[in-house]
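An overview of the molecular structure
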Amino acid sequence: MRITNTNVNLRASGVSGARILKVIPKNTLVEVYTCGPKWCKVKTQQRVGWLVGSALSRY
């Protein structure tokens, strides 16, 4: 589990041009499935998508 440190776009895939599914507010708890060099696949509020890893802090 991690927490967002800023408002961040939840995207359909791990690229900056991917469709935005939802804006995740700062201080939202997310379940992290996997992280690469830049992007993390997460689940939050019953949605699965990708966040830029720099927007996440340890919980």
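The paragraphs below set out a description of the structure included in this document. (Residues numbered from 1 in each chain as written. Predicted model: local features only at pLDDT ≥ 70, side-chain atom pairs only at ≥ 80, totals over all residues. Heavy atoms only, no water.)

On to unusual backbone geometry. In this structure, Asn27 is a non-glycine residue whose phi angle is positive, near 70°. You can see Asn27 is positioned in the loop between β3 (20-24) and β4 (29-35). Residue classification places Asn27 among the exposed positions, given a relative accessible area of 53%. The backbone of Gln45 sits at a positive phi, close to 45°, despite the residue not being glycine. Looking at where Gln45 falls in the secondary structure, it is placed in the loop between β5 (39-44) and β6 (47-52). (Helix = DSSP H or I, 4+ residues; strand = E, 2+ residues; numbered from the N terminus. Buried < 20%, exposed > 50% of the residue type's maximum accessible area, 1.4 Å probe, protein only.)

Within this structure, the stated rule accounts for one disulfide. At a sulfur-sulfur separation of 2.0 Å, the disulfide partner of Cys35 is Cys40. Across the disulfide from Cys35 to Cys40, rotation about the S-S bond amounts to roughly 110°, and the bridge is consequently right-handed. Using a relative accessible area of 37% as the deciding quantity, one classes Cys35 as partly exposed. Residue classification places Cys40 among the buried residues on the basis of a relative accessible area of 3%. (Disulfide = S-S within 2.5 Å.)

The subject of this paragraph is the nonpolar core. Listed in full, the 10 residues of the largest apolar core are Val8, Leu10, Leu21, Ile24, Val30, Cys40, Val42, Leu51, Ala55 and Leu56. Elements that contribute at least two residues to this core include exactly β2 (8-11), β3 and β5. Discounting chain neighbours no more than four positions away, the residues touching Val8 are Lys22, Val23, Ile24, Leu51, Val52 and Ala55. (Core = buried A, V, L, I, M, F, W, Y, C linked by side-chain atoms within 4.5 Å. Contact = heavy atoms within 4.5 Å.)

Turning to the pairing of β4, a few remarks are in order. Where strand β1 (residues 2-4) meets β4, two bridges bridge the pair, whose relative direction is antiparallel. When the bridges of β4 are listed, Arg2 appears paired with Val30. Bridging between β4 and β5 involves four bridges; their strand directions are antiparallel. Across the sheet, residue Val32 finds its bridge partner in β5, namely Val42. Here β4 hands over to β5 after three residues, the two strands then running antiparallel side by side. (Pairing = 2+ DSSP bridges.)

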